[in-house]
Amino acid sequence: MESTLKVTNVLSDPTRFYIYQYITNRHQDVTVQEIADEFEIHPNVARLHLSKLEDVRMLHSETKKTGKGGRPSRLYRLSNEVIQLSFPFRDYQLLSKILLQTMEKLGPEGKKALYETGKKFGKEMMEQELVQYTKNADLLSKGDKLRILQNASLMTGQLPALEWSDDQTSLYFEIYNCPYKEVAKDHKENVCMMHQQFFTGMFEALFEDVQLVEKQNMLAGCHHCAYRTAVQ
């Protein structure tokens, strides 16, 4: 409860909350001066906000040389620690582990069901998002489809970055947050494959003949997960 109160107190300040949102969407380290410039506040005030976010383990910082001479800069990034607020307490991570271990005991059929269900949920989520725009995805431009994918991915906590290839036959799809990271550490193959099938379902709601290829995975030590998706 003490930890929860500290987190809610830190985030109750609007500027501090928006600073955290800014860093979340930045996908890279930030400096005190960058925050000061972005929010038009004094560097000492920016440093105070960043320190308070670090005190509750929402941010992590380290000192690095910039290569431009002078003193090293302190760089801030999102912490890898999970901050959860729940009233009353819920433990969905434990439930996920129980369900995954149950599925794994079922062997190949259990895995097949997990992947199919992941794909089904991804497709259904995108179809619900599409209702706000049109009943026919073929009427959407490629730019519209990219924006819809971006919004839907944000809703599920992926922190995505999407970009068309030069010939617009493939989408480069990067995610900077895995919502299942803690569970995936012990069940990497199954959770990552289910997540890929979830993405495939999302894309199939918008395109035909989707081919999703993983390029890098944050659980393998990469900074983020990246995919190349060939679509028609």
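Preceding block: the structure.
Residues numbered from 1 in each chain as written. Predicted model: local features only at pLDDT ≥ 70, side-chain atom pairs only at ≥ 80, totals over all residues. Heavy atoms only, no water.

> Describe in detail the sheet that holds strand 1 (residues 30–31), supporting the description with residues and values.
Strands sit in the order 1-3-2 across an open sheet of 3 strands; the sheet is antiparallel. Looking at the sheet topology across the chains shown, the edges are occupied by strand 1 and strand 2 (59–64). Across 2 bridges, strand 1 lies against strand 3 (residues 73–78) in antiparallel orientation. Paired with Thr31 across the bridge in strand 3 is Leu75. Packed onto the sheet, helix 2 (residues 14–26) meets strand 1, strand 2 and strand 3 and runs at close to 85° relative to strand 3. (Pairing = 2+ DSSP bridges. Helix = DSSP H or I, 4+ residues; strand = E, 2+ residues; numbered from the N terminus. Contact = heavy atoms within 4.5 Å. Axes fitted to C-alpha atoms, helices over the stretch in contact; angles between N-to-C directions.)

> Tell me about the pattern of salt bridges, and name the residues and values.
When their charged atoms lie close together, side chains carrying opposite charge are able to pair. Tallied over the full model, the rule gives 8 salt bridges. The closest approach of N and O atoms between Arg57 and Glu81, which form a salt bridge, is 2.7 Å. Of this pair, Arg57 sits in the loop between helix 4 (43–55) and strand 2 while Glu81 is found in the loop between strand 3 and helix 5 (92–105), placing the two residues 24 residues apart along the sequence. Residue classification places Glu81 among the partly exposed positions, given a relative accessible area of 44%. Of the charged contacts, one joins Lys64 and Glu62 as a salt bridge, the two residues approaching to 3.8 Å between their closest N and O atoms. (Salt bridge = Lys/Arg side-chain N within 4 Å of Asp/Glu carboxyl O. Buried < 20%, exposed > 50% of the residue type's maximum accessible area, 1.4 Å probe, protein only.)

> Lay out the nonpolar core in plain terms, naming residues and giving numbers.
Membership of the largest hydrophobic core comes to 28 residues, with the highest contact counts inside it found for Met126, Leu149, Phe199, Met202, Phe203, Leu206 and Phe207. Formed by 16 residues, the second largest nonpolar core is a distinct cluster that contains Val7, Val10, Ile19 and Ile23. (Core = buried A, V, L, I, M, F, W, Y, C linked by side-chain atoms within 4.5 Å.)

> Please give an account of the packing of aromatic side chains that cites residues and values.
Tallied over the full model, the rule gives 9 aromatic pairs. Ring centres of Phe17 and Tyr18 lie 5.7 Å apart, and the angle between their planes is 70°; on these two criteria the pair is classed as edge-to-face. A relative accessible area of 33% means that Phe17 is categorised as partly exposed. Through a chain of ring-to-ring contacts, the aromatic side chains of Trp164, Phe173, Phe198, Phe199, Phe203, Phe207 and Tyr227 assemble into a single cluster. (Phe/Tyr/Trp six-rings, centres within 6.5 Å; stacked < 30°, edge-to-face > 60°.)

> Can you break down the sheet that holds strand 4 (residues 160–164) residue by residue, with the values?
Spatially, the 4 strands line up as an open sheet ordered 4-5-7-6, and their pairing is antiparallel. Bordering the open sheet on either side are strand 4 and strand 6 (211–216), each of which pairs with just one other strand. Sheet twist, expressed as the average angle between the axes of neighbouring strands with direction ignored, equals 20°. With 6 bridges connecting them, strand 5 (residues 170–175) and strand 7 (residues 225–230) associate as antiparallel partners. Looking at the pairing, Phe173 lines up with Tyr227 of strand 7. Of the strands in this sheet, strand 4 and strand 5 are in contact with helix 7 (residues 142–155), which crosses strand 4 at around 165°.

> Which residues make up helix 6 (residues 108–130), and what values go with them?
An ideal rise of 1.5 Å per residue puts 33 Å on 23 residues; helix 6 measures up with 33 Å between its terminal C-alpha atoms. For helix 6, the full list of buried residues reads Gly110, Tyr115, Gly118, Gly122, Met125, Met126, Glu129 and Leu130. Those residues of helix 6 hidden inside the fold are in contact with helix 5, helix 7 and helix 9 (188–204). (Expected span 1.5 Å × (residues − 1).)

> Give me the lowdown on a nonpolar patch on the surface, citing residues and values where you can.
Nonpolar side chains collect at one region of the surface, where Tyr92, Leu95 and Leu99 lie side by side and expose about 330 Å² of accessible area between them. Checked against the element boundaries, Leu95 lands in helix 5. Judged by its relative accessible area of 41%, Leu95 is partly exposed. (Patch = residues over 30% accessible without salt bridge, like charges linked within 9 Å, V, L, I, M, F, W, Y side chains within 5 Å. Areas by Shrake-Rupley, 256 points an atom, 1.4 Å probe, with all protein chains shown as cover.)

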